[in-house]
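Listed below are the residues making up each chain.
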Amino acid sequence: MVTPTTDRRGTVDVEALETLVGHLREGGVDGLFPLGSTGEFTSLPGDQRRVVVETVVDNAGDLPVVVGCGATSVDAVLTHVETAADAGADAAVVVTPYYLPTTPGGLRVFYETVADEAPIPILLYAIPSLAGQQFPVDLVVDLVDHPNVAGIKDSTGDLDYHARLLDRTPDDCVVFQGASHLFAPALDLGADGGTPSIANVFPERVSQIYTAHSEGDHDATYDLMKRIIYPYGGATESIAAHPMALKYLLSLVDVPVGPPVLPLPELTPREMATLEEYHDHVVAEQ
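Residues numbered from 1 in each chain as written. Predicted model: local features only at pLDDT ≥ 70, side-chain atom pairs only at ≥ 80, totals over all residues. Heavy atoms only, no water.

### Brief notes about helix H3 (residues 74-87)
Thought 1: In a regular helix each residue adds 1.5 Å, so 14 residues correspond to 20 Å; H3 covers 20 Å between its end C-alpha atoms and thus fits that length.
Thought 2: Buried residues of H3: Val77, Leu78, His80, Val81, Thr83, Ala84 and Ala87, and no others.
Thought 3: For H3, the secondary structure elements touched by its buried residues are helix H2 (46-59), strand E1 (66-68), strand E2 (91-95) and helix H4 (104-117).
Thought 4: Downstream of H3 by one or two residues, glycine 88 has phi in the positive range, about 105°. (Helix = DSSP H or I, 4+ residues; strand = E, 2+ residues; numbered from the N terminus. Expected span 1.5 Å × (residues − 1). Buried < 20%, exposed > 50% of the residue type's maximum accessible area, 1.4 Å probe, protein only. Contact = heavy atoms within 4.5 Å.)

As structure tokens, this is what we get:
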């Protein structure tokens, strides 16, 4: 989920966030994931992260909510996890700690400490392009044996890595695909689901990809990928970060969510025009 804001400093727009949750629920998504990379979590003040969690959970209805609880220290992560648990979230997503590099041994102790104390299940989160930290498959396999580690969100963009995760983790380990362009290929391999960010804008169409795949309709699955997912990647390849694109696209479907939070820049007129072309393409295909 993107995070609706009223300004460039990260003040959460509660009313817009409630509207966004309703938009996603009506679109048929199977769960909600606030405060991930798309949600600009690293740029939000701590009190505003709490507002996001509480608002999403209060408006989620019967949808499960998994909350991004990323931070660079164990205590900060646990504070975010406790906030999520107090609000009634179902699980916490904990990204590899970023900025200072570590070793697999350091990651192991970090995650085991969090998992030991977390009041709700945690999902590991691998996104080396942003966190600057690799997550070895061997380490993932070891960590998911912990009774409070439910699985992993894989945003490496590496389908071979994803296949190895699926092959080596137990059946009860949840494996989500975080790279939008690998959504259907990951489902082919046996992934439990995915978090394509464009579902913020077109939740019904993206949900249909999962449904079509579940029904064994390969042609419909990949037709939707070609019409919704792949063109979005092309429309955003020159844009610095996806939250800006998603927020602009949401305004085009009458779900305004405010500006990107600093340090992300505003979109240029040319970038807006490219996104408008993508929007018009998807609408024309419906």
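Still to come is the rest of the account.
### Points about the pairing of strand E3 (residues 122-126)
Remark: a regular strand shows side chains that alternate across the two faces of the sheet.
Thought 1: Among the five residues of E3, five are classified as buried, and the element is accordingly described as predominantly covered.
Thought 2: Because side chains alternate across E3, one face comprises the buried residues Ile122, Leu124 and Ala126, and the other comprises Leu123 and Tyr125, equally buried.
Thought 3: Sheet topology places E2 next to E3; four bridges connect them, and they run parallel. Within the sheet, the bridge partner assigned to valine 93 lies in E3 and is leucine 123.
Thought 4: Bridge analysis of E3 against strand E4 (residues 149-154) gives five bridges, and the strand direction is parallel. Counterpart to tyrosine 125 in the pairing with E4 is lysine 153. (Pairing = 2+ DSSP bridges.)

### Structural notes on the side chain of asparagine 200
Thought 1: Its place among the elements puts asparagine 200 in the loop between strand E6 (193-194) and helix H9 (203-214).
Thought 2: Residue contacts for asparagine 200: discarding those within four places in its chain leaves Met1, Val2, Leu20, His23, Leu24, Thr38, Leu246 and Leu250.

### A closer look at the sheet that holds E1
Thought 1: If you trace the six strands from one edge of the open sheet to the other, you get E1-E2-E3-E4-E5-E6, paired in parallel fashion. For this open sheet the edge positions go to E1 and E6, each flanked by a neighbour on one side alone.
Thought 2: Sheet topology places strand E5 (residues 174-177) next to E6; two bridges connect them, and they run parallel. For phenylalanine 176, the partnering residue across the bridge sits in E6 and is glycine 193.
Thought 3: The strands that helix H7 (residues 159-168) touches are E3, E4 and E5; relative to E4, the one it contacts most, it runs at about 165°. (Axes fitted to C-alpha atoms, helices over the stretch in contact; angles between N-to-C directions.)

### A short note on the environment of tyrosine 230
Thought 1: Looking at the secondary structure, you find tyrosine 230 in helix H10 (residues 218-236).
Thought 2: Linking tyrosine 230 and leucine 182, residues 48 residues apart in sequence, is a C-alpha distance of 9.7 Å.
Thought 3: Other than its neighbours up to four places away in sequence, tyrosine 230 contacts His181, Tyr222 and Met225.

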